Every structure is written in C-alpha cells, then in structure tokens.
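Given next are the chains, with one letter for each unit.
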Amino acid sequence: MSSSESGPAEAAVAAVAPQLRELRRRAALTLETAARVAGLSPAHLSRLETGQRQPSLPMLLALARVYGTTVAELLGESAADRDAVVRGADMVPTAAGGWTYWRAGAPGRGMQALRVQVPYGSQGDVVRVHPGEEWLHVLTGRLRLRLGDTEHRLTAGDSAHFDSTTPHRIAAQDPDGVELLFVHTLLQSPTATLCLGPTPGEMP
C-alpha cells in the first residue's frame, strides 16, 4: 500500500511502536527482561518497538500484562477517559496481525471490549492460552472456534463464553471473513503463555 493510501488504521499501528518502548521504560524493565516475561525474544520485541513488526493481539495482551496496563493504552488510547459511552463515530480502527480492531469499551478497566474483523486465513493456526475469560459474539459471517479438541461453528447471532486457559483457535470459515464482538478479562499474570504458536492442521 502506498503512503497516499494509508489511513487511520495504519497511523494507529505506527503509534504502537513508541508506546511500547515508553511503557517498558516506565516499568523500568530492560528489553531482555520484558521480552522474557512476555514470552518473546529480545530481537522480536525490539522489532515491535521500532515498528519493523506489527504486534498480534496475543502479543499486545502479553505486553499489557507485563507493563501493568491495558491493550487500549498500548494502542495509544487515553486511560483517563472513563466515559461510559463509546460512540461508533469515535472508534478508530487498528490493524495488527492481519486482524482489525475497534475499541468498544472504556480503557483502563478490568474487561476489554473490542469489535474485531477477522479475515479468512489470518491467524487460524495460532493456539492461544492465557488466564481469564473470553466472550465473543458473531455479528456477521461464520466462525470456526476450536476449544481444546472440540471445534464449534458459529454463525451471526451465536456467542461463546469460555475459560481462556483452554487452548483456543479462531478462524473465519468463509472468504468474506467474520466480524465479532470480543470481551476478555485482563489479569495481571506476567508468566502467562498467551500464544503457543502456529499449529499445522485443520484451521486455515
């Protein structure tokens, strides 16, 4: 994509890198220590902090826990804004790991609410495991949700609520992708393993 075609999502991603570096320094952590606790290599974290790589949602969740903050703050949202209402016109899209996110709840709280667009074939082989709970609701499209050894197929109007310590994978079933409402709890657990990595197999 040329610079003339970049929009709010690209600008928001560009703002993540310096925010990651600033929050790590505020937490008085070295690059090596923060990377180890978050389950990343120092080289990978360095590339995230310099904008050479885009963080995925599991990486953002891990780093938020390490720095004692929220995904919203990592994305540059103000933690001081405690308004109960989030207007659709004020939601700014952020792209990370192939998915697109819109903050759908107030920052700085124990639960994080997001609207998520999941393209077909993006991160479907990533297994996630972390403390807390997740709730998702399919707005449009069809979703393939693997919880442990069981695969579920959800359509618009369906929801799932599960313990995040259950290994889980999320993928769009159709080429048009799937749009979700997604709520998760942010537990301060720096030793948590959020992402076990790609697993070849059934999900695209």
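Whatever comes next refers back to the structure up there.
Residues numbered from 1 in each chain as written. Predicted model: local features only at pLDDT ≥ 70, side-chain atom pairs only at ≥ 80, totals over all residues. Heavy atoms only, no water.

*Asks:* In this structure, what is going on with the overall build of the protein chain? I would like to understand it.
*Replies:* On a plain count of helices and strands, the protein chain comes out with 5 helices and 11 strands. Considering the protein chain as a whole, with its 204 residues, one finds that 47% of them fall into the buried category. Within the protein chain, contacts between residues at least 6 apart in sequence are counted, and of these 69% link residues at least 24 apart. Only carbon and sulfur atoms are counted for the fraction: they give 52% of the accessible area of the protein chain, which is about 9,700 Å². (Helix = DSSP H or I, 4+ residues; strand = E, 2+ residues; numbered from the N terminus. Buried < 20%, exposed > 50% of the residue type's maximum accessible area, 1.4 Å probe, protein only. Contact = heavy atoms within 4.5 Å. Areas by Shrake-Rupley, 256 points an atom, 1.4 Å probe, with all protein chains shown as cover.)

*Asks:* What is the right way to read helix α3 (residues 42-49) from this model?
*Replies:* Among all positions of α3, only H44, L45, L48 and E49 are buried. Buried residues of α3 fall within an arc of 140° about the axis and therefore sit on the same side. Backbone geometry just downstream of α3 places G51 in the positive-phi region, at approximately 80°. (Arc of directions from axis to C-beta.)

*Asks:* What should I look at first to understand the packing of α3 against helix α4 (residues 57-67) in this one?
*Replies:* In a packed pair of helices, the relevant descriptors are the angle between the two axes and the axis-to-axis distance. Viewed as axis vectors pointing N to C, α3 and α4 meet at an angle of 95°, and their least axial separation amounts to 13 Å. It follows that α3 is roughly perpendicular to α4 by the angle criterion. Taking contact as the criterion, the partners of H44, L45, L48 and E49 in α3 are, on α4, M59, L63 and Y67. (Axes fitted to C-alpha atoms, helices over the stretch in contact; angles between N-to-C directions. Parallel < 35°, antiparallel > 145°, perpendicular 65-115°, else oblique.)

*Asks:* Is there a simple way to explain the sheet that holds strand β10 (residues 178-185) in this structure?
*Replies:* Taken in spatial order, the 6 strands line up as β1-β2-β3-β10-β5-β8 in an open sheet, and their pairing is antiparallel. Two strands in the sheet have a free side with no partner beyond their single neighbour: β1 (94-96) and β8 (159-163). Across the sheet, the axes of successive neighbouring strands diverge by a mean angle of 25°, strand direction being ignored. (Pairing = 2+ DSSP bridges.)

*Asks:* How do you make sense of the nonpolar core when you look at a structure like this?
*Replies:* Buried together is how nonpolar side chains tend to be arranged in soluble globular proteins. Core analysis: the biggest nonpolar cluster contains 41 residues, and L45, L63 and L143 have the highest contact counts within it. Among the elements that line this core, the one with the most residues is α4, at 9 residues. Beyond its immediate stretch of four places on either side in the chain, L45 contacts R24, L31, A34, A35, L40, L63 and Y67. (Core = buried A, V, L, I, M, F, W, Y, C linked by side-chain atoms within 4.5 Å.)

*Asks:* Any chance you could explain helix α2 (residues 31-38) here in plain terms?
*Replies:* Since the α-helix advances by 3.6 residues per turn, residues separated by three or four positions end up pointing in the same direction. Within α2 the residues assigned to the buried category are L31, A34, A35 and A38. Along α2, the residues classed as buried sweep out an arc of 100° about the axis, all on the same side. Just past α2, the residue G39 takes up positive phi, approximately 80°.

*Asks:* Just to check I follow, could you spell out the environment of L154 for this structure?
*Replies:* Here L154 shows up in strand β7 (residues 150-154). The class of L154 is buried, set by a relative accessible area of 7%. In the structure, L154 is positioned 12 residues away from R142 in sequence and 5.7 Å away in space, judged by C-alpha atoms. Residue contacts for L154: discarding those within four places in its chain leaves L136, V138, G141, R142, L143, L145, S159 and A160.

*Asks:* I'm lost on the pairing of β10 in this one. Help?
*Replies:* Two faces, one strand: in a regular strand the side chains alternate between the faces of the sheet. In terms of burial, β10 is a largely internal element, 6 of the 8 residues being buried. Relative to β10, strand β3 (residues 111-118) runs antiparallel, the two being bridged by 8 bridges. Pairing of V116 across the sheet is with L180, part of β10. Both strand β5 (residues 133-140) and β10 contribute to a ladder of 6 bridges, which runs antiparallel. Note that in β10 the partner of T140 across the bridge is E179.

None of this, on its own, says anything about what the molecule does.
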